[in-house]
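What follows is the residue order along each chain.
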Amino acid sequence: MTTTERDVAHGVLEALRDDPVIASVKDASALDEVLASDRGVVFVLYGSVLDIVEIVDRAKDAGKTVLVDVDLLDGFAARDVVVTWLAEHTRADGVLSTKSNLIRAAKRAGLVAVQRFFLVDSFSYHQLPRVVEQARPDAIEILPGCMPRVITWLRDDTTVPVIAGGLVCDKADVVAALGAGAVAVASSNRDVWGM
C-alpha cells in the first residue's frame, strides 16, 4: 500500500470515527435527504453507467465521503476495469463489493476498499478470515449488522475494521454494534441517519 492509499484509507476511517453512522442510499430521494443531513459518509447502493458520475458529484459537492457499491451498478460487469473506470471518471473515495477481485482492483486504483460479507451461517463466517487475508480490504462490512456477538468474534478473528450494515433499525442496534467493536454502522433507515 502506498502512502497515498494509506492516507485515503486513514481519512475515511477517521471520518467514520467522527461520525459512525453511514447513510446507505438506494435511490435519488434518499440521496437528496442525506445531502441535506449532517451524515458525513455515504454508501451509494444504486446507479448506472449513465448517472453514477452525477450521483457521486452531487454527494462530493455536498462535502460527503462517497463509496460506491460496484456490485449494484447497472450496466457494468464485475470486472476490474469497472473499478479503474470509477477511479478515473468519478470523485468516489472508495468502493464496496462482495468480490475479492474488485477489492484488490480498488486498492490498486488508490480507492478505499470495503468488502461486504453476508453472514448467513457458520460456514460463511469461517470463510471470512481467509477471504480477508487474500483481498486485504481497508474495512469489512458484515450484513446483517444487528449481530453484536458476531461483531465481537470478528474483532478477535481479524484486525480489519468492521462496519455493521443491514437491518440496523434503531438506536439500540447502533449502540450494540458500536459497543461490540464495530467502527461504524451503515443503514438505509432514515431514522438512523438522524441520530
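As the structure is a computational prediction, the values presented were derived from the model and not from experiment.

A. Here's a closer look at the overall build of the protein. When helices and strands are counted, the protein shows 9 helices and 8 strands. Taking 2.2 N^0.38 as the reference for a compact globule, 195 residues should give roughly 16 Å; the C-alpha atoms of the protein span a radius of gyration of 15 Å, in line with that estimate. Oriented by its inertia axes, the alpha-carbon framework of the protein measures out at about 40 × 35 × 30 Å. For the protein, the residues scored as buried account for 50% of the 195 residues in total.

B. Spatial organisation of unusual backbone geometry. That bond from Leu143 to Pro144 is cis: its omega, -5°, falls within 30 degrees of zero. Positive phi values are uncommon outside glycine, yet Arg136 reaches one of about 55°. Mapped onto the elements, Arg136 comes out in the loop between helix 6 (122-135) and strand 6 (139-143). With a phi close to 60°, Leu167 is a non-glycine residue in the positive phi region. Relative to the elements of secondary structure, Leu167 occurs in the loop between strand 7 (162-165) and helix 8 (171-179).

C. Structural view of helix 6. Counted at 1.5 Å a residue, the expected span for helix 6 with its 14 residues is 20 Å, and the 20 Å between its end C-alpha atoms agrees. The principal kink in helix 6, of about 30°, is found at Leu128, preceding the proline Pro129 by one to four residues. Residues of helix 6 that are buried include every one of Ser124, Tyr125, Leu128, Val131, Val132 and Ala135, and no others. Those residues of helix 6 that are buried lie in contact with helix 5 (100-108), strand 5 (112-118), strand 6 and helix 7 (148-157).

D. Focus on the packing of helix 5 against helix 6. Axis separation between helix 5 and helix 6 bottoms out at 9 Å; the angle between their running directions is 35°. The hand of the helix 5/helix 6 crossing is right-handed. Within the contact between the two elements, helix 5 uses Ser100, Ile103 and Arg104 and helix 6 uses Val131, Gln134 and Ala135. Tallied by class, residues from the contact of helix 5 with helix 6 come to 3 nonpolar, 2 polar and 1 charged.

E. Layout of the sheet that holds strand 2 (residues 41-44). Sheet architecture is closed into a barrel: 8 strands sit in the order 1-2-3-4-5-6-7-8, paired in parallel fashion. Each adjacent strand pair in this sheet contributes to an overall mean axis angle of 25°, direction not counted. Pairing between strand 7 and strand 8 (residues 184-187): 3 bridges, direction parallel. When the sheet's bridge partners are listed, Ile163 is paired in strand 8 with Ala184.

F. Structural context of the environment of Asp27. As for its placement among the helices and strands, Asp27 is situated in the loop between strand 1 (21-25) and helix 2 (28-35). For Asp27, a relative accessible area of 34% corresponds to the partly exposed category. Between the C-alpha atom of Asp27 and that of Leu102, which follows or precedes it by 75 residues, the distance is 23 Å. Here Asp27 is in contact with Tyr46 and Arg190, once residues within four sequence places are set aside. Only 2.8 Å separates the side chain of Asp27 from the backbone nitrogen of Ala30, close enough to count as a polar contact.

G. Up close: the pairing of strand 4 (residues 94-97). The alternating pattern of strand 4 places Gly94 and Leu96 and Val95 and Ser97 on opposite faces, both of which are buried. Sheet topology note: the strand 3 (residues 65-69)/strand 4 ladder contains 3 bridges and is parallel. When the sheet's bridge partners are listed, Leu67 is paired in strand 4 with Gly94. Taken together, strand 3, helix 4 (residues 80-89) and strand 4 constitute a β-α-β crossover, and its handedness is right-handed. Inspection of the sheet shows strand 4 paired to strand 5 by 4 bridges, in the parallel sense. Paired with Gly94 across the two strands is Val112, which belongs to strand 5.

Thresholds applied
Residues numbered from 1 in each chain as written. Predicted model: local features only at pLDDT ≥ 70, side-chain atom pairs only at ≥ 80, totals over all residues. Heavy atoms only, no water. Helix = DSSP H or I, 4+ residues; strand = E, 2+ residues; numbered from the N terminus. Rg over C-alpha atoms; globule rule 2.2 N^0.38 Å. Buried < 20%, exposed > 50% of the residue type's maximum accessible area, 1.4 Å probe, protein only. Expected span 1.5 Å × (residues − 1). Bend = angle between axes of the 7 residues up to and from the residue. Contact = heavy atoms within 4.5 Å. Axes fitted to C-alpha atoms, helices over the stretch in contact; angles between N-to-C directions. Left-handed = near helix turned anticlockwise from the far one by under 90°. Nonpolar A, V, L, I, M, F, W, Y, C, P; charged D, E, K, R; others polar. Pairing = 2+ DSSP bridges. Polar contact = N/O pair within 3.5 Å; in protein donor to acceptor, adjacent residues only side chain to side chain. Right-handed = clockwise from strand over helix to strand, strands pointing away.

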